[in-house]
Amino acid sequence: MVATDRPHNVVGTRPVRPDGVDKVTGRATYGGDVRFPGMLYGRILRSPHAHAIIKNIDASKALELDGVRAIVTNADFARQPDEEVALGELTANLSEMLDQVIAGTKALYRGHAIAAVAATDPHIAEDALDLIEVEYEVLDAVLDPQEAMRPGAPQLHPGMVTQEVGGLFDGETGEAGTEETNAAKHVKFTKGDLDTGFAEADIIIEREFDTGMYHQGYIETHNGTAMWKKDDRVQVWSSTQGQFEVRDQTALLCGLAPSRVTVEPVEIGGGFGGKTHVVMEPLAAILSKKTGRPVKMIMTRQEVFEGTGPTSGTHNRVKIGAKRDGTITAMDAELIFEAGAYPGSPFTAGAMCAFAPYDVDNIEVEGWDVVVNKPKVGAYRAPGAPAAEYAVESVIDEIAERLELDPLEFRLQNAAQEGTVRADGAAFGVIGNVDTLQAVQQSEHYRSELSGENRGRGVASGFWFNVGFTSAAHANVMSDGTVGLVVGSADIGGTRAALAMQFAETLGIPYESVNPQVVNTDAIGYTMVTGGSRTAFAGGWAAHEAALDIRRQLVERAAMIWECDLDAVSYEDGVLSGPDDQSFTFQEICEQLPHTGGLIQGKADVSPETSGPAFACHVVDVEVDPETGKVDILRYTAAQDVGTAVHPSYVESQIQGGVAQGIGMALHEEYVFDDSGNMENPTLLDYRMPTTFDLPMLDVLLVEVANPGHPYGVRGVGEIPIVPPLAAVANAIHDAMGVRVTQLPATPDRMLELLEEQGG
Amino acid sequence: MSVPISVTVNGRLHELEVEPRTLLAHLLREDLTLTGTHIGCDTSQCGACTVLIDGTSAKSCTVLAVQADGAEITTIEGLAQDGQLHPLQEAFWDEHGLQCGYCTPGMIMSGVDLLERHPSPSEAEIRRGLDGNLCRCTGYEHIVNAMQAAAGGAS
């Protein structure tokens, strides 16, 4: 599988990014920057209630306001079937997808879109919202998933019963409950026998944990611009991780064939999973259809918090048993995930990840997907894993402490390795779990002495699948020896560079000779979302295959010029060699192309099924201020199996970014709701993301266990770093103060409560 | 109801009529099509819209356009001079101080102000100076590195 055993010339180096100058000079065009003659501005009226029947919408007064050109509601869209479709890293029901974009008969969370206005000026559109009269019948809201599961709880979707599901992509198993409930879905994975396992244990610890609802927090708010043309073709500009997903979903909801929608490439200001599904694009499209003019919509930050897809708040119970010698004999977990207003939380992924770092004979893990009157959750970096593994790694830490074992030794003793079968039945191939544990164990950080009052050190591990899926690449060879590399992957944090590097490596040409371009959905083959840690992996593979296609064609051309057999021509490091010591450099053959039969293009479509799972182990030192309850991060080291680091600086930066978000989950961030379901902190002042001041330098140990399922040994790197920080920080707090944090974030007020309970 | 103002942006004088409720950030983006000034939060926390007003960094979403009457404003588009990137622009590019690039213009404009005040800043001074600019992608490490590289190169 490995493309070549020679040392790499490009892969593993740290070149500057092709889009760098545009991004440091302000020239890069993000979705919100597009502008067209006659363009209208759209705004959305949102529900002030978390749960209400929409009895009537009267937009007549708003339509009379000078400058208002159109208003749309759910009634302007064709009805959708009650049918499940793939949606980036998650799935969604079509009928629910429409109602999520714009509410149908019920508003199911505060901020649910009710109507959309297009006007000649954004201020007029805003003013028009106040003139739309909506008659609501307010219903009791249910916000807590455990309360939502109880019989008699307010029912979000009348008639809903629990659907039993299989693995992550296995869909429904057919079994459904009979009682009406808000528990939309249930999954259960079993390996061995729990009773046998716990009977063998000398120590059993069972704990329950809660995590808050967190937002991805991308700095760019959502946007969507659409132009519905007279021939019923629609052009869309949207800052999205997946332009093909936006194309398909917009087309579906607008009643068009996907081929009639073209999504244009624009830069994207962060996504982290949150920009993988349509939010406003279909509204802009229908407003454009009604007005005959392009319509642009941009969200405010409050709308982003209230009207997009954050991650699930969770309640998780974990029970682990071990022998005195440190052998884990049984692991049991029940995960309850908030789905928000519609089913589709990452409860299955959470259940599959929870115990993945461990090789244990007896495991049972079940998960629940529960609808509540909160925003419908979306994907957020390793969806489901951070909360699940926070619970598991906290209990692991407690058992190690009780058995007086080093926490890393305890993990190593029970570590999953090649061949280990997970509870969901999948067996691991070549993985770097043990390697990351050892990297931390041998690190200067872990070996250093930590002194000082109220200071502590914690470690935690984590697992994430990573995915493969479909990517395409085209490559246009120019006569000057450069190549335009054409891809369909949104460049969210270095995609252009990472794909161009693998392409240059295979073709044996300098990175600087490759000009990567992200193009629209008509100009490149189907390419799935930039997400799931798949792009450097599958997109890089497509780029590699496109380079191989060019190599084949160049060998043919050289054989034709030299009038020899194909076998007599070889291609190595960008040089063609033939009989009688004849040779062409890549540059020389490119100059020959126009007058020897024409220029050439390479192309490739790939859909790899080998994904290269990722493991990470983190160590953190914290200091707790017993007066204020504030927790400071003193030092942080993250070891991660990255397969092959294509661009080590970008890999480090992905890991540092993931750690920063994980620390936000552990200490700072959380949706705060009042009893009626109003988010009380929908600004970046009160929803507290880490700043420069909250973080130290974040040290990274790149562990390279090459993925045998990729030409360059690449594994996805983006998601796993957000998984370990929650438990690592919680375990460090325990080491510092002797208290177990069972609810995150560990905000100062929660810390003070814990310290007070301990003192009392 | 519009109000006449005159502002000098990136060295060029503009005489404009603006609605009193227009924010400077919107004036720059909509009226002057300088879309390098990004908007991320509307409430002055994220710093993506940072520009220099009379040489001092300010979040342009907290300033009404009418308040900028008579001021000299520098945006990210005005930083490169004579075809040469500003040392901080070079440093953010060279040191990989960005991923998605959305916070970058504001981060650089705050950085310019910071380096004016502290030509050789310590890591702590950099972190204090940039703590009004949120980056969600990088964990800030490469941004701090870029600031240090630019300061080193300038001294």
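Residues numbered from 1 in each chain as written. Chains lettered and ligands numbered in written order. Predicted model: local features only at pLDDT ≥ 70, side-chain atom pairs only at ≥ 80, totals over all residues.

Enquirer: Summarise the overall build of chain A; cite the residues concerned and give the values.
Expert: Along its length, chain A carries 20 helices and 31 strands. The principal-axis extents of the C-alpha atoms in chain A amount to approximately 90 × 75 × 50 Å. Within chain A, buried positions represent 59% of all 760 residues. Taking contacts inside chain A between residues at least 6 apart in sequence as the whole, the part at least 24 apart equals 80%. (Helix = DSSP H or I, 4+ residues; strand = E, 2+ residues; numbered from the N terminus. Buried ≥ 20, exposed ≤ 12 C-beta atoms within 10 Å, placed from the backbone. Contact = placed C-beta atoms within 7 Å.)

Enquirer: So, the overall build of chain B: which residues are in play, and what are the values?
Expert: Helix and strand content of chain B: five helices and five strands. Listed by position from the N terminus, the elements making up chain B come as β-β-α-β-β-β-α-α-α-α. Scaling as 2.2 N^0.38, a compact globule of 155 residues should have a C-alpha radius of gyration of about 15 Å, and chain B matches this with 15 Å. Taking all 155 residues of chain B together, the buried fraction comes to 59%. Relative to all contacts within chain B whose residues are 6 or more apart in sequence, the contacts with residues 24 or more apart total 58%. (Rg over C-alpha atoms; globule rule 2.2 N^0.38 Å.)

Enquirer: Please set out the sheet that holds strand S2 (residues 52-58) of chain A residue by residue, giving values where relevant.
Expert: All names here are of chain A. Strands sit in the order S6-S2-S8 across an open sheet of three strands; the sheet is antiparallel. Bordering the open sheet on either side are strand S6 (106-107) and strand S8 (133-138), each of which pairs with just one other strand. Across six bridges, S2 lies against S8 in antiparallel orientation. Paired with Asp58 across the two strands is Glu133, which belongs to S8. (Pairing = 2+ DSSP bridges.)

Enquirer: Can you explain the confidence of the model for chain B? Please cite residues and give values.
Expert: Taken residue by residue, chain B gives an average pLDDT of 96. The fraction at 70 or more is 98%. On the interface metric, ipTM, the complex scores 0.98, and its pTM is 0.97. (pLDDT = per-residue confidence, 0-100.)

Enquirer: Before we move on, can you summarise the nonpolar core with the specific residues and values?
Expert: Residues and elements named next belong to chain A. The biggest cluster of nonpolar side chains holds 298 residues, and the ones touching the most others in it are Leu485, Phe503, Val729 and Ile733. In terms of residue count, helix H16 (residues 535-562) provides more of this core than any other element does, eleven residues in total. Excluding anything up to four places from it in sequence, Val729 contacts Gly458, Val620, Val622, Ile663, Ala666 and Leu667. (Core = buried A, V, L, I, M, F, W, Y, C linked by C-beta atoms within 7 Å.)

Enquirer: I'd like to hear about the interface of chain A and chain B, residue by residue, with values.
Expert: One frequently used descriptor of interface size is the decrease in accessible area upon assembly of the parts. Every contact between the two is made by 43 residues of chain A and, on the other side, 42 residues of chain B. Secondary-structure elements contributing two or more residues to the side of chain A that touches chain B are helix H1 (20-25) and helix H18 (648-668) of chain A. Sorting elements by how many residues they give to the side of chain A that touches chain B places H18(A) first, with seven residues. Residue composition of the side of chain A that touches chain B, by class: 19 nonpolar, 18 polar and six charged. (Nonpolar A, V, L, I, M, F, W, Y, C, P; charged D, E, K, R; others polar.)

Enquirer: Before we move on, can you summarise the sheet that holds strand S26 (residues 583-585) of chain A with the specific residues and values?
Expert: All names here are of chain A. Strand order in the open sheet formed by three strands is S24-S25-S26, with antiparallel pairing between adjacent strands. In this open sheet, the two edge strands, each paired with only one partner strand, are strand S24 (570-572) and S26. Here the average twist between neighbouring strands, direction ignored, is 20°. Strand direction decides the pairing type here: strand S25 (residues 575-577) and S26, joined by three bridges, are antiparallel. Bridging across to S26, Val575 finds its partner in Thr585. (Axes fitted to C-alpha atoms, helices over the stretch in contact; angles between N-to-C directions.)

Enquirer: Which residues make up helix H15 (residues 495-507) of chain A, and what are the values?
Expert: The periodicity of an α-helix, 3.6 residues per turn, causes residues three or four positions apart to be oriented the same way. Residues and elements named next belong to chain A. Its 13 residues place the ends of H15 18 Å apart at the C-alpha level, agreeing with the 18 Å of an ideal helix rising 1.5 Å per residue. In terms of residue burial, H15 counts as a mostly covered element, since 13 of its 13 residues are buried. Just downstream of H15, Gly508 is the residue with a positive phi angle, here 70°. (Expected span 1.5 Å × (residues − 1).)

Enquirer: How would you summarise unusual backbone geometry if you had to cite specific residues and measurements?
Expert: The omega angle of the peptide bond from Leu744(A) to Pro745(A) is 5°, so this bond is cis rather than trans. As for its placement among the helices and strands, Pro745(A) is situated in the loop between strand S31 (743-744) and helix H20 (748-759). Residue Asp580(A) is not a glycine yet carries a positive backbone phi of 55°. Along the chain, the position of Asp580(A) falls in the loop between S25 and S26. Despite not being glycine, Tyr140(B) has its phi angle at roughly 75°, a positive value. Tracing the backbone through its elements, the reader meets Tyr140(B) in the loop between helix H4 (123-129) and helix H5 (141-154). Residue classification places Tyr140(B) among the buried residues on the basis of 31 C-beta atoms within 10 Å.

Enquirer: How would you summarise the environment of Lys61(A) if you had to cite specific residues and measurements?
Expert: Residues and elements named next belong to chain A. Tracing the backbone through its elements, the reader meets Lys61 in helix H2 (residues 60-64). On a C-alpha basis, the gap between Lys61 and Lys188 in space is 53 Å, while along the polypeptide they are 127 residues apart. With sequence-adjacent residues up to four places away left out, Lys61 is seen in contact with Leu131 and Glu133.

Enquirer: Provide a residue-level description of the domain arrangement of chain A, including the pertinent values.
Expert: All names here are of chain A. Taken as a whole, chain A is organised into domain 1 (20-28 + 468-606), domain 2 (34-140 + 220-269 + 275-307) and domain 3 (314-466 + 611-759). Centre-to-centre separation of domain 2 and domain 3, based on C-alpha positions: 36 Å. Opposite the 20 residues of domain 2 that make contact, domain 3 presents 20 residues. Among the secondary structure elements, those contributing two or more residues to the side of domain 2 that touches domain 3 are strand S5 (90-93), helix H3 (94-101) and helix H9 (301-307). Ranked by residue count, the leading element in the side of domain 2 that touches domain 3 is H9, at five residues. Taken together, the residues that form the side of domain 2 that touches domain 3 break down as six nonpolar, nine polar and five charged. (Domains from an automatic or database assignment.)

Enquirer: Would you mind going over the pairing of strand S17 (residues 314-322) of chain A in detail, with residue names and values included?
Expert: Residue and element names in this part refer to chain A. Where burial is concerned, most of S17 is hidden: seven out of the nine residues are buried. Taken together, the nine bridges between strand S12 (residues 203-211) and S17 define a ladder with antiparallel strand orientation. The residue of S17 that forms the bridge with Phe209 is Asn316. The antiparallel hairpin formed by S17 and strand S18 (residues 328-340) contains five residues in its connecting segment, where Gly326 sits at a positive phi of about 100°.

Enquirer: Go over the domain arrangement of chain B, please, and point to the residues and values.
Expert: Residues and elements named next belong to chain B. Assigned domains of chain B: these are domain 1 (3-78) and domain 2 (87-154). Just the C-alpha atoms count here: the centres of domain 1 and domain 2 sit 21 Å apart. The interface of domain 1 with domain 2 comprises 14 residues on the first partner and twelve residues on the second. Those elements that place two or more of their residues in the side of domain 1 that touches domain 2 are strand S3 (50-53) and strand S4 (56-59). For the side of domain 1 that touches domain 2, the element with the highest residue contribution is S3, accounting for three residues.

Enquirer: So what's going on with the packing of H15(A) against H16(A)? Residues and values would help.
Expert: Residues and elements named next belong to chain A. At their nearest, the axes of H15 and H16 sit 8 Å apart, and the two run at 35° to each other. Note that H15 runs across H16; the crossing there is right-handed. For the pair H15 and H16, the contacting residues are Thr495, Ala498, Leu499, Gln502, Phe503, Thr506 and Leu507 in the first and Thr535, Ala536, Gly539, Gly540, Ala543, His544, Ala546, Ala547, Leu548, Ile550 and Arg551 in the second. (Left-handed = near helix turned anticlockwise from the far one by under 90°.)

Enquirer: So, the environment of Phe355(A): which residues are in play, and what are the values?
Expert: All names here are of chain A. Along the polypeptide, Phe355 turns up in the loop between helix H10 (347-353) and strand S19 (363-371). Expressed as a C-alpha distance, the spacing of Phe355 and Phe305, which sit 50 residues apart in the sequence, is 31 Å. Setting aside its immediate chain neighbours within four residues, Phe355 contacts Met331, Val360, Ile363, Val365, Val392 and Ala423.

Enquirer: Which residues make up helix H2 (residues 87-94) of chain B, and what values go with them?
Expert: Residue and element names in this part refer to chain B. Most of H2 is tucked away, with six of its eight residues classed as buried. Looking only at H2, the buried set comprises Leu88, Gln89, Glu90, Ala91, Phe92 and Trp93. At the exit of H2 stands His96, carrying a positive phi of roughly 60°.

Enquirer: Give a detailed account of the packing of H2(B) against helix H3 (residues 104-117) of chain B, specifying residues and quantitative values.
Expert: Residues and elements named next belong to chain B. Packing of H2 against H3 leaves a shortest axis separation of 10 Å and a crossing angle of 130°. Relative to H3, H2 is oriented oblique. Relative to H3, H2 is oriented so that their crossing is right-handed. The segment H2 lies against H3, with Leu88, Gln89 and Phe92 engaging Thr104, Ile108, Gly111 and Val112. Its residues assigned to classes, the contact of H2 with H3 shows four nonpolar, three polar and no charged. (Parallel < 35°, antiparallel > 145°, perpendicular 65-115°, else oblique.)

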